[in-house]
Amino acid sequence: MAIDFKVKDVMHNIIAKFVHAFLPEAKKPYNLRAVHQEELDIHGIASKASVYNLQTSPKVIEEGMNAGMELIYYLVADGFRIKTPLFNLRMRLPGEYNGSETHLNPDAFPVARMQATAGFRNYLKDKVKIKIDGIDQTDGYIAEVTDEATGIVDEVLTLGNLITIRGWGLKIDGAQESHETIGLYFESDGEIRTKAEIIAVNEPRTIKAIVPYIPSDTKYRVVIVTQTSAKNSGALLKSIRELRADTVFTVQN
């Protein structure tokens, strides 16, 4: 099985909507955001084989991808640089040194750096057409969640450490009778919610909070429950609204 980036008759169409800019340094009021389809894991990717006319069995694709990813996992950890049709992956060692050190600082650890290949970037440039479909009318959104302990975006939560949530219409507030309900929650796979007890920054585009000590054997979604208006954070709505991050997070100590 091979992926041919030179296919001439394939064009992709992506729908995109304007969303309110969320980064503090934004110079214009809107970003453009792709309207993504559902999130796919390796099993989901393999199940799409017939849709894209791949004749290899989905089971074979899934087993091969799992084995390949596991092998890449260990090869990068052993110091190999990896080149694939989609991405290049290598290890980076952080920090600056005098040259006389014999080991890393206990708080320092190697990190992986991944970059899309030139072939894949060119494929996206040549084969993907963007159709703009107006302004996203949802009442606020979570754009990204940064784990400040690691600097990793939209992937991991470090227990007892700070996260920064960026987006639009985030501010948490409500009428007195709603204060038990509103808040920042970490919702498990079983839809059990744990509320953040410490919120250090509570602004329309930024929330900073401490991750509570939640069980690490499950995955979580970040959920904001608030009564504020996304369009006017100083005003309260008659009903409570919820914002859910698209990403599913793992937790670490």
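Residues numbered from 1 in each chain as written. Predicted model: local features only at pLDDT ≥ 70, side-chain atom pairs only at ≥ 80, totals over all residues. Heavy atoms only, no water.

Visitor: Please set out the sheet that holds strand β4 (residues 87-92) residue by residue, giving values where relevant.
Guide: Reading across from one edge, β3-β4-β5 is the order of the three strands in this open sheet, with antiparallel pairing throughout. Two strands lie at the open edges of the sheet, namely β3 (82-83) and β5 (111-116), each paired on one side alone. Alignment of β3 against β4, held across two bridges, turns out to be antiparallel. Looking at β4, one finds that Ile 82 is bridged to Leu 89. Of the strands in this sheet, β3 and β4 are in contact with helix α2 (residues 58-77), which crosses β4 at around 35°. (Pairing = 2+ DSSP bridges. Helix = DSSP H or I, 4+ residues; strand = E, 2+ residues; numbered from the N terminus. Contact = heavy atoms within 4.5 Å. Axes fitted to C-alpha atoms, helices over the stretch in contact; angles between N-to-C directions.)

Visitor: Before we move on, can you summarise the sheet that holds strand β15 (residues 220-228) with the specific residues and values?
Guide: Overall, antiparallel pairing links the four strands, which are arranged β12-β11-β15-β16 in an open sheet. Edge positions in the sheet fall to β12 (193-195) and β16 (236-244), since each of these pairs with one other strand and no more. Taken over all neighbouring pairs, the strand axes of this sheet differ in orientation by 25° on average, direction set aside. Here strand β11 (residues 183-188) pairs with β15 via six bridges, running antiparallel. Within β15, the position partnered with Gly 183 by the bridge is Val 225.

Visitor: How would you explain the pattern of salt bridges if you had to name every residue and give the values?
Guide: A complete count under the given rule lists eight salt bridges for this structure. Arg 241 is the partner of Asp 139 in a salt bridge, and the nearest nitrogen-oxygen pair spans 3.8 Å. In this pair, Asp 139 is assigned in the loop between β6 (128-135) and β7 (141-147) and Arg 241 in strand β16, connecting sequence segments 102 residues apart. Across the salt bridge formed by Glu 148 and Lys 208, the nearest N and O atoms sit 4.0 Å from each other. A residue pair is termed long-range when its members are at least 10 positions apart, and Glu 148 in the loop between β7 and β8 (152-153) and Lys 208 in strand β14 (residues 206-210) qualify at 60 residues. Residue Glu 148 is classed as partly exposed on the basis of its relative accessible area of 38%. Linked by salt bridges that have partners in common, Glu 187, Arg 193, Glu 242 and Arg 244 make up one network. (Salt bridge = Lys/Arg side-chain N within 4 Å of Asp/Glu carboxyl O. Buried < 20%, exposed > 50% of the residue type's maximum accessible area, 1.4 Å probe, protein only.)

Visitor: So what's going on with the nonpolar core? Which residues, and what values?
Guide: Counting 23 residues, the largest nonpolar core has Ile 142, Leu 157, Ile 165, Leu 184, Phe 186, Val 222 and Ile 224 as its most contacted members. At the level of secondary structure, the elements contributing two or more residues to this core comprise β7, β10 (162-168), β11, β14 and β15. Broken down by element, the residue count for this core peaks at three residues, all from β15. Excluding residues within four positions of it along the chain, Leu 157 makes contact with Val 145, Asp 147, Ile 163, Phe 186, Val 211, Phe 249, Thr 250, Val 251 and Gln 252. In this structure, Val 19, Ala 143, Trp 168 and Ala 230 belong to the second largest nonpolar core, which totals six residues. (Core = buried A, V, L, I, M, F, W, Y, C linked by side-chain atoms within 4.5 Å.)

Visitor: Give a detailed account of α2, specifying residues and quantitative values.
Guide: Between the first and last C-alpha of α2 there are 28 Å, a value that for 20 residues agrees with the 28 Å anticipated at 1.5 Å per step. Inspection of α2 places Ile 61, Ile 72 and Val 76 among the buried residues, and these make up the whole buried set. Seen along its axis, α2 keeps its buried residues to an arc of 20°; they face one direction. Opposite its buried face, α2 presents the exposed residues Lys 59, Leu 71, Tyr 73, Tyr 74 and Ala 77, each directed more than 90 degrees away. Where the residues of α2 are buried, they touch α1 (42-47), β3 and β4. Phi turns positive, to about 100°, at Gly 79, one or two residues after α2. (Expected span 1.5 Å × (residues − 1). Arc of directions from axis to C-beta.)

Visitor: Can you explain a nonpolar patch on the surface? Please cite residues and give values.
Guide: Together, Ile 14, Leu 32, Ile 130 and Ile 132 make up an exposed nonpolar region whose accessible area comes to about 330 Å². Relative to the elements of secondary structure, Ile 14 occurs in strand β1 (residues 12-20). In this structure Ile 14 comes out as partly exposed when scored by relative accessible area, which is 30%. (Patch = residues over 30% accessible without salt bridge, like charges linked within 9 Å, V, L, I, M, F, W, Y side chains within 5 Å. Areas by Shrake-Rupley, 256 points an atom, 1.4 Å probe, with all protein chains shown as cover.)

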